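Structural description and commentary
Chain residues, written in single-letter form:
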Amino acid sequence: MTDVTSAKSARRPHHWRRDLIELAALFTAVAVADAIANLIGHQPDGPYLLVASAVALAATAAFHTWWARRHSHAPPGADSDGADAEPPSVGADEAVETVLWRMRTTVRDAPGTLAALCMALARHRVDILTLQTHPLAEGTVDEFLLRAPAALPAQQLTREISAAGGSATWIERADAHDLVDTPTRVLGLATRTALDAAELPLALRRLLGRCTIHSLPALSITGRPTGESAPVEGVLEDTVMRLRDPSGGVITVERPYLPFTPTEFARARALVELDARLGPRVPRSEDVLTLPEGNEITVRRADQGDLDMALAMHGRCSERTLGLRYHGPVRDADRYLDHLLSPRFGRTLAVQTASGRMVALGHLLWDGDETEVALLVEDDWQRRGIGTELLGRLVALAVEAGCESVYAVTQAHNTGMVAAMRALSLPLDYQIEEGTLVITARLDGAPAQRSAWPGTEPVTRSGAPSHPSPLRTEELRRTEELPRTDQLPRAETPSPAEQPERHLRR
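Residues numbered from 1 in each chain as written. Predicted model: local features only at pLDDT ≥ 70, side-chain atom pairs only at ≥ 80, totals over all residues. Heavy atoms only, no water.

Check the secondary structure of the protein chain and you find 13 helices and 16 strands. A total of 506 residues make up the protein chain; the buried ones form 38% of that total. Sequence-distant contacts, at least 24 apart, represent 66% of the contacts inside the protein chain between residues at least 6 apart. Only carbon and sulfur atoms are counted for the fraction: they give 56% of the accessible area of the protein chain, which is about 29000 Å². (Helix = DSSP H or I, 4+ residues; strand = E, 2+ residues; numbered from the N terminus. Buried < 20%, exposed > 50% of the residue type's maximum accessible area, 1.4 Å probe, protein only. Contact = heavy atoms within 4.5 Å. Areas by Shrake-Rupley, 256 points an atom, 1.4 Å probe, with all protein chains shown as cover.)

Written out as structure tokens, the structure reads:
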């Protein structure tokens, strides 16, 4: 039995009691009226007094009714149910346009400090959607997700919080993604990290907000110790945290605009410990595609377990192809592979033939706040659209990871790479310095998923063979054919003053 049913049954006995009291009062009133009528009616002027009394009572009742309607202050009846009452009209506050804010402020760890903040927010019609507390050695950091009137500026909101006892207040605009509660978001990030080791840097960034993450290896490409290390428990230094990388080296997270709290440090360390316990791992799904000439290839994720196959592909590539990819001495090309195949520094896609030979590699590399794409296609398999397909898939992975742009470092005469970047149909920026070309593609509005090979449908290894539609070889060739980069419109090439120098990955 619910509380509502119990409450209704508890009120039922009061109905007959009230009716009995009203009936007794009615009989009493009739008896009194009859006694007064008999007393006055036997007087000489009795009938006139009764008529005059009736007229006076009627006039008094009419005046009372008019006054009650004009100055009604009576509360609603006690017997009126919520179902019979009219719905309240929409107030002016509900029609006001609102915005979402994320705000942090530090308060004293004392009773009543949080209540003072809430009262200050309530005075300005600010609704608190979520609240997190981060205990400190002295004081507490309160993190709010607020819905405030759009007319309320952030500066005034900050002043009100400061007047209510908050200090070191930080505020920024939020969006609908911030409405997800923290435990749900952390569990989702842990799940993605458990499925793919390359997700750890992305999970840390999504957990901690806008920050810069660098993975520094313990050994350089040449095999020399870099001296980069961190204790097992990690190090927290205000706006910088250093965590031991499970694969060796250290993960450095920087957020200059907002200090990290011990709570955030503990969450980040828990993600890193989860990654260390699970060990190296990448998703093993494969897509089987058919080239326009009819050859089948397989596109899949690659990691350091594919190092031998990648070295064999290097041996089949010409010096010109390796030089266009690594922009340095060809004899050093093999040293980069172990670093590039590590899921800690990004994601790698490999292309294999039906016989199992690796013929192409595509890398999506995390470079601090930026993301680099790089391609290497074996000489005998170039000009078949493999580079365009790999690049499109890498850009789709970058969009899924929340990257705002990707850039490719190549040489000015590498028309194949320029053609692949243009085939993305995204806004491109060019920077040319001493023969080195940096092409940046902005990912605003880019689709999260890209279709497979033109005219084909990919399937997984467990699926049926794909059946290509009529060949589109000529379309692929037109995509690959492009004038040299020294013929690019000058309007698309920003000057060094408009675009800062970026780090070129060797």
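This part is about the nonpolar core. In a soluble, globular protein the nonpolar side chains are often hidden away together inside. Ranked by size, the top nonpolar core spans 39 residues in total, and within it Ile386 and Met421 carry the most contacts. In terms of residues, this core owes the most to one element, helix α11 (residues 386-400), which gives 8 residues. In terms of nonpolar packing, the next biggest core, distinct from the first, is built from 17 residues, Leu200, Ala203, Leu207 and Leu243 among them. (Core = buried A, V, L, I, M, F, W, Y, C linked by side-chain atoms within 4.5 Å.)

Another aspect to go through is the sheet that holds strand β4 (residues 167-173). Reading across from one edge, β2-β3-β1-β4 is the order of the 4 strands in this open sheet, with antiparallel pairing throughout. Of all the strands in the sheet, just β2 (127-135) and β4 have a single pairing partner and so form its edges. Across the sheet, the mean angle from the axis of one strand to that of its neighbour is 15 degrees, orientation sign disregarded. Pairing geometry for strand β1 (residues 98-107) and strand β3 (residues 140-149), over 10 bridges, is antiparallel. Residue pairing in the sheet places Met103 in a bridge with Phe144 of β3. Lying on the sheet, helix α3 (residues 113-123) is in contact with β1, β2 and β3; it crosses β3 at an angle near 15 degrees. Here helix α7 (residues 262-278) sits on the sheet in contact with β1 and β2, set at roughly 80 degrees to β2. (Pairing = 2+ DSSP bridges. Axes fitted to C-alpha atoms, helices over the stretch in contact; angles between N-to-C directions.)

When β2 meets β3, the two strands line up antiparallel, connected through 8 bridges. From the neighbouring strand, Pro135 faces β3, where its bridge partner is Thr140.

Looking now at the environment of Pro47. With respect to the secondary-structure elements, Pro47 resides in helix α2 (residues 46-70). Judged by its relative accessible area of 47%, Pro47 is partly exposed.

Moving on, we get to helix α12 (residues 415-422). Of all 8 residues in α12, 6 are buried; the element is thus mostly enclosed. Three or more residues of α12 are buried, namely Thr415, Met417, Val418, Ala419, Ala420 and Met421.

Turning our attention to the packing of aromatic side chains. All chains considered together, the criterion is met by 2 aromatic pairs. For the pair Tyr326 and Tyr336, a centre-to-centre distance of 5.3 Å together with 35 degrees between the ring planes defines the contact as tilted. In this pair, Tyr326 sits in helix α9 (residues 319-326) while Tyr336 sits in helix α10 (residues 333-340), placing the two residues 10 residues apart along the sequence. Under the relative-accessibility criterion, Tyr336 is labelled buried at 7%. In this structure, Arg173 is placed above the aromatic ring of Trp101, and the distance from its NZ or CZ to the ring centre is 5.4 Å. The ring of Tyr257 carries the charged tip of Arg210 above its face, separated from the ring centre by 4.3 Å. (Phe/Tyr/Trp six-rings, centres within 6.5 Å; stacked < 30°, edge-to-face > 60°. Lys NZ or Arg CZ within 6 Å of the ring centre and 35° of its normal.)

Put simply, helix α6 (residues 200-208) and α7 touch, their axes get as near as 11 Å, and they point 165 degrees apart. Accordingly, the angle class assigned to the pair α6 and α7 is roughly antiparallel. The crossing of α6 and α7 is right-handed. From α6, Leu200, Ala203, Leu204, Leu207 and Leu208 reach across to α7, where they touch Glu264, Arg267, Ala268, Leu271, Val272 and Asp275. (Parallel < 35°, antiparallel > 145°, perpendicular 65-115°, else oblique. Left-handed = near helix turned anticlockwise from the far one by under 90°.)

Turning next to the packing of helix α5 (residues 182-195) against α6. Relative to each other, α5 and α6 sit at 170 degrees, their axes nearing to 9 Å. Regarding the angle of α5 to α6, the classification is roughly antiparallel. Two secondary-structure elements touch here, α5 through Arg185, Val186, Leu189, Arg192 and Thr193 and α6 through Leu200, Ala203, Arg206 and Leu207. When grouped by side-chain class, the residues that make up the contact of α5 with α6 number 5 nonpolar, 1 polar and 3 charged. (Nonpolar A, V, L, I, M, F, W, Y, C, P; charged D, E, K, R; others polar.)

Moving on, we get to unusual backbone geometry. Glycine aside, residues mostly have negative phi, and peptide bonds are mostly found in the trans state. Of note, Ala168 is a non-glycine position whose phi angle comes to about 50 degrees, a positive value. Judged by relative accessible area, Ala168 falls into the exposed class, the value being 65%. With phi around 60 degrees, Arg383 is a residue other than glycine that occupies positive phi space. With respect to the secondary-structure elements, Arg383 resides in the loop between β13 (370-377) and α11.

So, on to a nonpolar patch on the surface. A surface patch of nonpolar side chains, amounting to about 320 Å² of accessible area, comprises Leu23, Leu26 and Phe27. The residue Leu23 is located in helix α1 (residues 3-41) in this model. (Patch = residues over 30% accessible without salt bridge, like charges linked within 9 Å, V, L, I, M, F, W, Y side chains within 5 Å. Salt bridge = Lys/Arg side-chain N within 4 Å of Asp/Glu carboxyl O.)

Pairing in this open sheet of 4 strands is antiparallel, and the strands run β5-β8-β7-β6 from one edge to the other. Pairing within the sheet leaves two strands with one partner each, and these edge strands are β5 (212-216) and β6 (235-237). Along the sheet, successive strands turn relative to each other by an average axial angle of 15 degrees, direction set aside. Pairing between β6 and strand β7 (residues 240-244): 3 bridges, direction antiparallel. Counterpart to Val235 in the pairing with β7 is Arg242.

Further remarks concern α6. Residues that lie three or four places apart on an α-helix share one face, since the helix turns once every 3.6 residues. By the criterion of burial, α6 is predominantly enclosed, with 7 of the 9 residues buried. Taken together, the buried positions of α6 are Leu200, Pro201, Leu202, Ala203, Leu204, Leu207 and Leu208. Phi for Gly209, located one or two positions after α6, is positive at around 85 degrees.

With that out of the way, let us pick up the pattern of salt bridges. Counted under the stated rule, the structure contains 20 salt bridges. The salt bridge involving Arg147 is made with Asp127; its shortest N-O contact spans 3.9 Å. Of this pair, Arg147 sits in strand β3 while Asp127 sits in strand β2, and the two are 20 residues apart along the sequence. Classification of Asp127 as partly exposed rests on a relative accessible area of 38%. Across the pair Asp275 and Arg281 runs a salt bridge whose closest N-O atoms are separated by 2.9 Å. Of the two residues, Asp275 and Arg281, both sit in the buried class.

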